[in-house]
Amino acid sequence: AQKITQTQPGMFVQEKEAVTLDCTYDTSDQSYGLFWYKQPSSGEMIFLIYQGSYDEQNATEGRYSLNFQKARKSANLVISASQLGDSAMYFCAMSPKGAGKSTFGDGTTLTVKP
Amino acid sequence: DAGVTQSPTHLIKTRGQQVTLRCSPKSGHDTVSWYQQALGQGPQFIFQYYEEEERQRGNFPDRFSGHQFPNYSSELNVNALLLGDSALYLCASSRDQGTYNSPLHFGNGTRLTVT
């Protein structure tokens with residue numbers, strides 16, 4: 001069974017500063033994918049970034065980067081230069097190889113202060 | 001390029017009734033998954049459809065059933081509604097049979113309230 005743990009229910013960050021959202025996972029699979037999604041108050045889940053378990057380099061997508069530490073089973077999301085529009089709920093998720101089921105954490109609510 | 005569309009947006013039902021939710025996947029996607037998201041929690045996997053077959057199922061009772069049509073659109077049916085079924089129901093589509101490196105593309109969800 002797979003499990004995602006997000007230990008920060010809520011986070012605050014000042015506009016233009018960087019913030020790290022924590023994610024640890026548990027799986028016995030060797031091949032898997034790790035994802036981060038953003039959910040604004042409107043409800044739609046938006047894909048942000050992906051990291052494969054065999055990828056040696058950390059993934060980056062614009063202001064988003066994923067700090068992947070495989071031995072520690074962590075996949076933290078780093079948002080640089082926070083903007084007011086980044087205020088939302090953020091979910092870490094993982095998918096095993098060969099199956100489409102994604103397991104999600106309970107999310108972190110990020111609030112960006114002006 | 002239309003994304004994932006879900007209907008209806010909101011729905012209010014009475015306990016014991018049945019409900020059908022609909023989803024059209026993003027263009028080019030062949031796999032549809034359904035998730036239930038309770039308030040303040042992460043989405044919980046209900047089931048996934050590929051080639052009109054239920055390929056994988058989460059820990060949900062048989063009251064939850066679904067269907068995928070030849071055009072890849074999908075329906076989620078819930079029978080004998082319980083108060084605890086009140087949630088946001090998210091449809092997500094993906095390509096490449098939903099393999100582990102294929103991100104999910106979500107619709108805006110259907111907010112179901114059971115009274």
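Higher on the page you've got the structure.
Here the structure is a predicted model, which means the values were calculated and not measured.

1. Some thoughts on the interface of chain B and chain A
Right, on to step 1. Listed by partner, the interface residues are 21 residues for chain B and 24 residues for chain A.
Right, on to step 2. Approximately 1,800 Å² of surface area, both sides summed, lies buried where chain B meets chain A, with 58% of it carried by carbon and sulfur atoms.
Right, on to step 3. Viewed at the interface, chain A and chain B are joined by zero salt bridges.
Right, on to step 4. Taken together, the connections running from chain B to chain A amount to five residue pairs in polar contact (both at pLDDT 80 or more).
Right, on to step 5. If you list the elements that add at least two residues to the side of chain B that touches chain A, you get β4 (31–37), β5 (44–50), β6 (53–57) and β9 (87–94) of chain B.
Right, on to step 6. Per-class residue counts for the side of chain B that touches chain A are nine nonpolar, 11 polar and one charged.

2. Things to note about the packing of aromatic side chains
Right, on to step 1. Inspection of every chain in the model, using the stated rule, returns 14 aromatic pairs over all chains.
Right, on to step 2. Centroid distance Y37 of chain A to F104 of chain A: 5.6 Å. Interplanar angle 40°. Geometry classified as tilted. Of this pair, Y37 of chain A sits in strand β5 (residues 32–39) while F104 of chain A sits in strand β11 (residues 103–104); the two residues are 67 residues apart in sequence, bridging distant segments of the chain.
Right, on to step 3. An angle of 85° between the planes, with centres 5.6 Å apart, marks the rings of Y37 of chain A and F106 of chain B as edge-to-face. With one member in each of two chains, Y37 of chain A in strand β5 and F106 of chain B in strand β10 (residues 105–106) form a pair that bridges those chains. Note on accessibility: Y37 of chain A and F106 of chain B belong to one class, buried.
Right, on to step 4. The rings of F35, Y37, F47, Y50, F91 and F104 of chain A together with Y35, F45 and F106 of chain B are connected pair by pair, giving a single aromatic cluster.
Right, on to step 5. The residue whose ring lies beneath K70 of chain A is Y54 of chain A, and the NZ or CZ to ring-centre distance is 4.5 Å.
Right, on to step 6. Over the ring of F12 of chain A we find K113 of chain A; its NZ or CZ atom is 4.9 Å from the centre of that ring.

Quick notes on the rules
- Within each chain, residues carry numbers counting from 1 in the order of the written sequence.
- Throughout, the order in which chains and ligands are written sets their labels, letters from A for the former and numbers from 1 for the latter.
- Local features are withheld for residues below a pLDDT of 70 in this predicted model, meaning they are given only at 70 or higher, and side-chain atom pairs are given and counted only at 80 or more; totals for whole chains, interfaces and linings count all residues.
- Side-chain metrics in this entry use all non-hydrogen atoms of the structure; hydrogen atoms and water are not considered.
- It only takes one pair of heavy atoms within 4.5 Å for two residues to be counted as in contact.
- Here the quantity called buried area is the total loss of accessible area, with a 1.4 Å probe, experienced by two parts when brought into contact, counted for both.
- What makes a salt bridge here is a side-chain nitrogen of Lys or Arg within 4 Å of a carboxyl oxygen of Asp or Glu, nothing more.
- In the analysis that follows, any N or O atom pair within 3.5 Å is treated as a polar contact, provided that within protein one partner can donate a hydrogen and the other can accept it, and provided that, for residues neighboring in sequence, both atoms belong to side chains.
- Numbered from the N terminus, helices here are DSSP runs of H or I no shorter than four residues, and strands are runs of E no shorter than two.
- Note that Gly is not counted as nonpolar here; it falls among the polar residues with everything else outside the nonpolar set of Ala, Val, Leu, Ile, Met, Phe, Trp, Tyr, Cys and Pro and the charged set of Asp, Glu, Lys and Arg.
- In this analysis, rings of Phe, Tyr and Trp, with Trp reduced to its six-membered ring, are considered paired at centre separations within 6.5 Å, and the interplanar angle assigns stacked below 30 degrees, edge-to-face beyond 60, and tilted for intermediate values.
- When accessible area is computed with a 1.4 Å probe and restricted to protein chains, residues below 20% of their type maximum are described as buried, those above 50% as exposed, and intermediate ones as partly exposed.
- To sit over a ring, a charge needs its Lys NZ or Arg CZ within 6 Å of the ring centre and within 35 degrees of the ring normal.

Any link to function would need more than the numbers given here.
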